[in-house]
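Residue-level structure breakdown
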Amino acid sequence: MLNDENRYLFKFAWKSIRRHAGRSFFIGFSVSLAVVIAVWVVAFFDGFNAQIEKAVVNTNIGFFQIQDPLFAKTTDSSSPLEYSEELKLKIEKYPILSASPELVLDGNISTPEGAAGLIILGIEPQNHMKFLPIYKHIKEGAFLNQEGEFEIIIGQELAEIFKFNINDQMVLNFQDHLGNLRSELLTIKGIFNFNGKSFEKRFVYINQKTWQKLFFNSYSGKILFNRIALMSDGLRDKKFLESRIDNTQLQIRNWKDLNPEMAVVLEFHDGMIKFFFIIIALTITMTILTPVRMLWQERFKELKMMSILGVSIKKFWKIGFFEAFLMIVLSGFFSTLFLSLLISYQAKVGLDFRFLNDGVAIERAGIKLPGIIFPLLTMNQLVVTFLFVIFVLGISYAWSIHRTLLRLREET
Amino acid sequence: MQFELIHVDKIYQVSEENKVFGAKDVNLKIGTGDFMALVGPSGSGKTTILNLIAGLILPTNGSLKHGGSDITALSLEERTKHRLDFMGFIFQDYQLLPILTAYENIEFPLQLKGFSKKEIDERVHWALSQVGLEKMGNRFPKQLSGGQQQRVSIARAIAGRPELVLADEPTANLDSKTAQEIIELFKKLNQEFKLTFIFSTHDQRLIDQVNTVMYVKDGQISETRNHHA
Amino acid sequence: MKGFKFLLKFSYRNLLRAPKRTLILILSLSIGTGFIIWDLNFANSGSKEVMKEFLNQYAGEYHITHKDYYREDNKKEFNNFKIISDSEIPDKSLLTFTTRRVTAPVFVSGEKKTLGVLLTGLETEKEIKLSTLSKAVTVGRFLNPNSDKEIVLGKKLAHRIEVKLGDEVAVIGQALDGSVANELMTVVGLIDFGGGDLEESLAFTQIKSAQELLVMGPDQYHQRVDFNMKDETLPQIKGLAVTIWTDLLPEIGVSVRFVDNFTWLVSIVIVLVISLGLSNSLMITFLEREQEFQTLNIIGAKTIWVTVSLLIEVFLLGTIAILLGLLLGQISTNYFYHYPFNIQFFTGGKPIIMGGMIIQPLVRIYPVLEYYWKVPVMIYIFLTMTMIYPLIRVIRRSKNAI
């Protein structure tokens, strides 16, 4: 491929670019700028989506939940299963990073300050500490342990509304497994500050022992679960999970099943970005077409002379191909370099994008979204960068060369 | 009014040690009605001298005067205005503006000078009649032959009644019959209206018609011959 | 400037020098402009339509309440003991497009399960007329204005407490006199909000039933909800609070503003990209005419003349393209006014949930006047900025000798 002729033509192509260095630079710069902007926006939204996902999974949902069949069907907590050693060994394996077996109970509190519906989660504290960092965000008091009984930790928002303090006793109303309405006194052991006001107002935590005693009136001595909330590397780990619980009746749900509103937010972002990207690609292609065409048009006399001297159409295409190749490499390289530097920097320091919301952080489906976004640089984006440049410059050069050579054929 | 070049040098510094004289100690006086030619081989400096007279480039040493005023002291924009007010130009390749008709090409410098519409019309028609193209005013350059284009170029140069007309190889791109016609036109304009012409040329037919021939070699006027055609 | 007409003619003729090329330049700018106009119209009017549709379902444009009903710093919290009546609203015209509601945080019990929900007592006939809530009932029917003690539940709620049509549920709460309120109600319908949170936490009954449950007088209620979406200004009522939806659902307002602002950002990017390409093309056309500019300089045209003529060229090109673009934008906007745009296009067909409810995906787009001058101004600014370099280059290179 790199024989003498090709090398010569390649050198010729390079010299043609250098001859119109300013214009070639301008063309390459325009394409690079367009691709940097477009891909940066993709990186921004990739980062945004990643943080939305993180915010969602950090609300007890996890990336996945394995649910007992009855709970999966009707959210009925009355038939929990045992979180046996066997099951634990099957599940708590990479890529699963942590697992929190939980019992779920609907309840409420009612005081002169008002009433509030609660979700009472019975957790195994050691597992839960690996799953969610609530234990690190205990503002007052302490986190739960396995031995304590009739202790509860509540959110700061709930504490403020109902004027609760540490060691206060709160009356929890709920229905037990027989359907009887019951009220029990629980001692507030800790107050946490985590994940926004809606979260703090809605979720309260007790240990497994307390939960079982409340719901079943007795403690089985085992760790039970209605659901096991799991953290992993991402949604692609579903296949692993499915293989692990293959011969059971357990059901897998991912966070998108459990929070469809947020799932759609991500889909919407993705759709918007793809649309935006296509528009940018088409726009830049249209606007670059003319300058590239003109670069070839003004060399027409030269090409005609070369044709008279014996240069074939095939060779002209080769020259054009080499020119396009060089421009693509240069433009692609500088775009990639600049993008990598820019996004790597921003991935470290973050970007406060609240200016897009007039200074206010977005909250959706009860989840406060981060105001500082860390754009995500991925290999995908760099591949897309190059493909974009290839598409834009490739089409522009191909069209320009085709039209010029067509005219050459007509005139010679 | 008189144009004068006094001990004018134009030096181009090609490298540290290497200086090239585009013009060397040029002394030249151009009076009203002069019909002169600068003659010499390619690269001798004829065009450099024309550019110096036109104020397009400034001399390294010496001065250019017009009616006693030092042109070299003027700013770039002032020299442009000076060219507009006092000079006309004829180019080897006509240099007509392709998007304007013959009439509009001639009109162009008159517009820049700020003449009224009536005056412009009068002058353009006068110029067109002088060059024999009265009926071609609304044609575009691509619709005219080479000779006709050069005539339009001449009309453009003279429409403003300049004090000096500079012509750089005006007959180089013309066939001999047309060239002869153009040369006769120059002669007529010089004799009838006392228009001052200075040519840079190789064309012997034109050289034979001028009153003064200045031979240029290596940027210097090596010889001046006066003769009457 | 003397001879401005000639200058204009000169600039205009230069555009016609290479008509195909000029056409491509104009087209690329006009298509970009048209897209931006459409896009901005879509973002603005589209979001307004989505909000209208969303608010029409349940939330309403604004609420008239007791001034202490909503908590000052958190409008999600309310004090159910703060009630009002129509005698406190002097302007009776406000009653036409508004409907009364009684709110009651209660427990709804099925056979096996009890959940806390917000029971809302509705003026059934008015609700059917003013809002689209009744249309969200997909199983059974909406409330009968001539009956009482009927209840409509969110589908998910019914599923959770394991009740179906025709079942009776126990409703337990706190009456305004402090006593325990309880009632048996019959499930007549299930509302489908697309599986969002609201479906689990809302229940509806006739206003009379709610008033009786809470031991309220027949003229007493908690909210007057307005559904007149054409309202531009909020009424001022002495002694009462008027709370607009953006305060009640700030997260929705913020999301809408985000889309709006993001669309502007996209528009700026597109204009920048187009301007760069245009200035690239224009620079090449200018450089092609380098010799001509030299001739102009030689025969006496000053730099300013040449500069102005080039600027006029760019301005003319830009103006023609912008006008064409505005037309294209208007035509495309008009098209989507008559044939609404399906916003599920962005989600690959998946339903869009906002504020716990499914949004009706078909959105009518209509023109927003301010964009028809803001966008041209933005384009002119960008065009001018991106022309600076080509102009400087060309002017510099034109100052040459013969």
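Residue positions are given per chain, counting from 1 as you read along its sequence in written order. Each chain is given a letter, starting from A, and each ligand a number, starting from 1, according to the order in which they appear as written. Under the rules for a predicted model, residues below a pLDDT of 70 receive no local features and side-chain atom pairs below 80 are neither given nor counted, while totals for whole chains, interfaces and linings still include all residues. Heavy atoms throughout the structure, all of them, feed into the side-chain values; hydrogens and water do not.

1. Side note on the overall build of chain C
A run of H or I in DSSP becomes a helix once it reaches four residues, and a run of E becomes a strand once it reaches two; helices and strands are each numbered from the N terminus. For chain C, the count of helices and strands is eleven helices and 16 strands. Its C-alpha atoms give chain C a radius of gyration of 31 Å, more than 25% over the compact-globule value 21 Å for 402 residues. The principal-axis extent of the C-alpha atoms belonging to chain C is close to 105 × 45 × 30 Å. To sort residues, take the accessible area from a 1.4 Å probe on protein chains only and compare it with the maximum for the residue type: under 20% means buried, over 50% means exposed, and anything in between is partly exposed. Counting across all 402 residues of chain C, residues that qualify as buried make up 59%. Two residues qualify as a contact provided that any one of their heavy atoms is within 4.5 Å of a heavy atom in the partner residue. Put simply, of all contacts in chain C between residues at least 6 apart along the chain, 78% involve residues at least 24 apart. Areas reported as accessible are Shrake-Rupley estimates using a 1.4 Å probe. Residue values count occlusion only from the protein chains shown. For chain C, the exposed area adds up to about 16700 Å²; of that, 60% sits on carbon and sulfur atoms. Charge assignment: positive for Lys and Arg, negative for Asp and Glu; neither His nor the chain ends contribute. By convention, charge coordinates are those of NZ in Lys, CZ in Arg, CG in Asp, or CD in Glu. In chain C, 42 positive and 39 negative side-chain charges are present, and the distance between their average locations comes to 15 Å. Two things to know: the radius of gyration comes from C-alpha atoms, and the globule rule equals 2.2 Å times the number of residues to the power 0.38.

2. Brief notes about the nonpolar core
Counting 225 residues, the largest nonpolar core has Ile134(A), Tyr205(A), Phe388(A), Leu28(B), Phe108(B), Ile198(B) and Trp305(C) as its most contacted members. The greatest single-element share of this core, amounting to 21 residues, is contributed by helix α2 (residues 21–61) of chain A. Throughout, the edges of the domains are those of an automatic or database domain assignment. For this core, the two domains that each supply at least three residues are domain 1 (4–56 + 253–397) and domain 2 (62–228) of chain C. In plain words, nonpolar cores are sets of buried Ala, Val, Leu, Ile, Met, Phe, Trp, Tyr and Cys residues tied together by side-chain atoms within 4.5 Å. In terms of nonpolar packing, the next biggest core, distinct from the first, is built from 41 residues, Tyr94(B), Ile106(B), Ala127(B) and Leu206(B) among them.

3. Points about the sheet that holds strand β4 (residues 61–66) of chain B
Neighbouring strands of a sheet are bound in pairs by backbone hydrogen bonds; such pairs are parallel or else antiparallel. Residues and elements named next belong to chain B. Strands were regarded as paired on the criterion that DSSP finds at least two bridges between them. Spatially, four strands are ordered β2-β1-β4-β5 in an open sheet, and the strand pairing comes out antiparallel. Edge positions in the sheet fall to β2 (19–30) and β5 (69–70), since each has one partner strand and no second. Two strands pair when backbone bridges link them, and β4 and β5 are joined in this way by two bridges, in the antiparallel orientation. Each residue of the ladder has a partner; that of Lys65, found in β5, is Asp70. Each of β1 (3–13), β2 and β4 touches helix α1 (residues 46–54); the most contacted strand, β2, lies at about 60° to it. Convention adopted: a line fitted to C-alpha atoms gives each axis, helices being fitted over their contacting stretch, and angles between N-to-C directions are expressed from 0 to 180 degrees.

4. A closer look at the interface of chain C and chain B
With 24 residues of chain C at the contact, the number on the chain B side is 28 residues. Roughly 2500 Å² of surface becomes buried between chain C and chain B when both sides are summed, with 67% attributable to carbon and sulfur atoms. N or O atoms closer than or at 3.5 Å make up a polar contact, with two conditions inside protein: a donor-capable atom paired with an acceptor-capable one, and, for residues adjacent in sequence, both atoms drawn from side chains. At the boundary of chain C with chain B, the tally comes to seven residue pairs in polar contact (both at pLDDT 80 or more). When residues of the side of chain C that touches chain B are traced back to their parent elements, those giving at least two are α1 (4–15), α9 (290–299) and α10 (303–338) of chain C. When residues in the side of chain C that touches chain B are grouped by element, the largest group, seven residues, is from α9(C). For any pair of parts, buried area is found by adding up, for both, the accessible area (1.4 Å probe) each one loses once the two are put together.

5. Quick word on the pairing of strand β9 (residues 212–217) of chain B
Residue and element names in this part refer to chain B. In terms of strand pairing, strand β3 (residues 35–39) meets β9 through four bridges, oriented parallel. Residue pairing for β9: Val39 is matched across the bridge by Tyr215. Summarising the sheet, β9 and strand β10 (residues 220–226) pair through six bridges and their orientation is antiparallel. Looking across to β10, one finds that Lys217 is bridged to Gln220.

6. A short note on the sheet that holds strand β6 (residues 87–90) of chain B
Residue and element names in this part refer to chain B. Strand order in the open sheet made by the six strands is β6-β7-β8-β3-β9-β10, with mixed pairing throughout. Taken across any chain shown, the strands that pair with only one partner, and hence form the sheet edges, are β6 and β10. Geometrically, the sheet is characterised by an average inter-axis angle of 20° between neighbouring strands, direction not taken into account. The strands that helix α6 (residues 176–193) touches are β3, β6 and β8 (197–201); relative to β8, the one it contacts most, it runs at about 155°.

7. As for the interface of chain C and chain A
Tallying the contact residues gives 59 residues for chain C and 59 residues for chain A. Roughly 5300 Å² is buried in total at the junction of chain C and chain A, and carbon and sulfur atoms are behind 67% of that figure. Together, Phe258(C), Phe262(C) and Phe346(C) form the three largest contributors to the area buried by chain C at its contact with chain A, with a combined 13%. Salt bridges are defined by distance alone: a side-chain nitrogen of Lys or Arg within 4 Å of a carboxyl oxygen of Asp or Glu. Where chain C packs against chain A, one counts one salt bridge. Arg160(C) is paired through a salt bridge with Asp106(A); the nearest N and O atoms lie 2.2 Å apart. Where the side of chain C that touches chain A is concerned, the elements lending two or more residues are α2 (19–59), β4 (114–122), α4 (155–160), α8 (250–288), β14 (353–354) and α11 (371–398) of chain C. Classifying every residue of the side of chain C that touches chain A gives 30 nonpolar, 15 polar and 14 charged. The nonpolar class holds Ala, Val, Leu, Ile, Met, Phe, Trp, Tyr, Cys and Pro. Asp, Glu, Lys and Arg form the charged class, and all remaining residues, Gly among them, are polar.

8. Points about the packing of helix α5 (residues 146–158) of chain B against α6(B)
All names here are of chain B. At a minimum axis distance of 10 Å, the contact between α5 and α6 shows a crossing angle of 15°. Comparing the axis directions of α5 and α6 gives the class roughly parallel. Between α5 and α6 lies a crossing whose hand is right-handed. For the pair α5 and α6, contact is made by Gly147, Gln150, Arg151, Ile154 and Ile158 and by Thr178, Glu181, Ile182, Leu185, Phe186 and Leu189, respectively. Residues that form the contact of α5 with α6 fall into these classes: six nonpolar, three polar and two charged. Every angle not falling under 35 degrees, over 145, or within 65 to 115 is termed oblique; those three ranges are roughly parallel, roughly antiparallel and roughly perpendicular. A clockwise turn of the near helix away from the far one marks a right-handed crossing, whereas an anticlockwise turn of less than a right angle marks a left-handed crossing.

9. Examining empty space enclosed by the protein
For cavity detection a 1 Å grid was placed over the protein atoms alone, and a set of points counts as a cavity when a 1.4 Å probe fits there but cannot get out; an open set counts as a pocket when protein lies on both sides within 12 Å along at least five of seven lines, with lining residues being those that have an atom within 4 Å of a point. Grid points are joined across faces, edges and corners, and a volume is the space filled by probe spheres set on the points. By the definition in use, this model includes five cavities of 30 Å³ or more. In this model, the largest cavity occupies a volume close to 510 Å³. Contributing to the lining of the largest cavity are 30 residues, with Phe268(A), Met272(A), Phe42(C), Ser255(C) and Val259(C) lying nearest its centre. Secondary structure elements with two or more residues in the lining of the largest cavity: α11 (260–297) of chain A together with α2 and α8 of chain C. Ranked by residue count, the leading element in the lining of the largest cavity is α2(C), at eight residues. Residues belonging to the lining of the largest cavity are distributed by class as follows: 23 nonpolar, five polar and two charged. There is about 110 Å³ of room inside the second largest cavity.

10. Concerning the confidence of the model for chain C
Overall, the predicted model of chain C reaches an average pLDDT of 87, with 97% of residues at or above 70. Here the complex is predicted with pTM 0.79, and the ipTM for its interfaces comes to 0.86. Residue-level confidence of the predictor is what pLDDT reports, using numbers from 0 through 100.

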